[in-house]
Amino acid sequence: MKKLFTILFIGLVSLAINAQEKVAKIEFKSDVVDYGTIEKGSNGVRVFEFTNTGNAPLIISNVTSSCGCTIPKKPEGPILPGKTGEIEVKYDTNRVNPIRKTITVISNADTPTVALKIKGEVVDTKSGSVLEKKEKSVVQQ
């Protein structure tokens, strides 16, 4: 009877160890999206592509931005092992200024929190640039 309990105990322990080895892993193609220099009012949608390189389904529970001017959209369902997914990010390009924002991804992956970055600059080409050279300086006028 002792041998039977020992065998059952060893079987349960090995089953628990095998269950713990299955983990999702998120691997982004790039963790930075560079908008470059874009015009005011242009398309502000960009995509972060990723792959689940683990052996368990990847569930992204939350995606947040460091600013209200950036709206991230997470995948709805789980991403199966070996499959790819996308996190869509929309930046409000009506704001003329440099872009430096962080998107935080929370999931069940082995690294549960990942920080993604967007960068670039929005310019207004319709209004004159502040840096344009003038014909005469203020003193010469």
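Preceding this paragraph is the structure being described.
Computed from a predicted structure; not experimentally measured.

Caption draft 1: Geometry of the pairing of strand E8 (residues 113–123). Side chains of E8 alternate between two faces, with Val 114, Leu 116, Ile 118, Gly 120 and Val 122 buried and Thr 113, Ala 115, Lys 117, Lys 119, Glu 121 and Val 123 left unburied. With six bridges joining them, strand E2 (residues 32–39) and E8 adopt parallel strand pairing. Looking at the pairing, Ile 38 lines up with Val 122 of E8. Where strand E7 (residues 98–107) and E8 come together, nine bridges link them in antiparallel fashion.

Caption draft 2: Main features of the packing of aromatic side chains. The final tally for this structure, using the stated rule, is two aromatic pairs. A centroid spacing of 5.5 Å and a plane angle of 55° characterise the contact between Phe 28 and Phe 50, whose relative ring orientation is tilted. Separated by 22 residues along the polypeptide, Phe 28 in strand E1 (residues 26–28) and Phe 50 in strand E3 (residues 45–52) bring together distant segments of the chain. For the pair formed by Phe 28 and Phe 50, the shared burial category is buried. Plain terms: the ring middles of Tyr 35 and Tyr 91 are 6.2 Å apart, the flat faces sit at 65° to each other, and that makes the pair edge-to-face. Remark: Tyr 91 occurs in strand E6 (residues 84–91) and Tyr 35 occurs in strand E2; sequence separation between them is 56 residues. Take Tyr 35 and Tyr 91: they sit in the same class, and that class is buried.

Caption draft 3: Layout of the environment of Glu 86. Position of Glu 86 relative to the elements: it lies in strand E6. The class of Glu 86 is partly exposed, set by a relative accessible area of 47%. When the C-alpha positions of Glu 86 and Lys 73 are compared, they lie 8.7 Å apart, and in sequence the two are 13 residues distant. When sequence neighbours within four positions are dropped, the list of residues in contact with Glu 86 reads Val 47, Phe 48, Glu 49, Phe 50, Lys 73 and Pro 75.

Calculation notes
Residues numbered from 1 in each chain as written. Predicted model: local features only at pLDDT ≥ 70, side-chain atom pairs only at ≥ 80, totals over all residues. Heavy atoms only, no water. Buried < 20%, exposed > 50% of the residue type's maximum accessible area, 1.4 Å probe, protein only. Helix = DSSP H or I, 4+ residues; strand = E, 2+ residues; numbered from the N terminus. Pairing = 2+ DSSP bridges. Phe/Tyr/Trp six-rings, centres within 6.5 Å; stacked < 30°, edge-to-face > 60°. Contact = heavy atoms within 4.5 Å.

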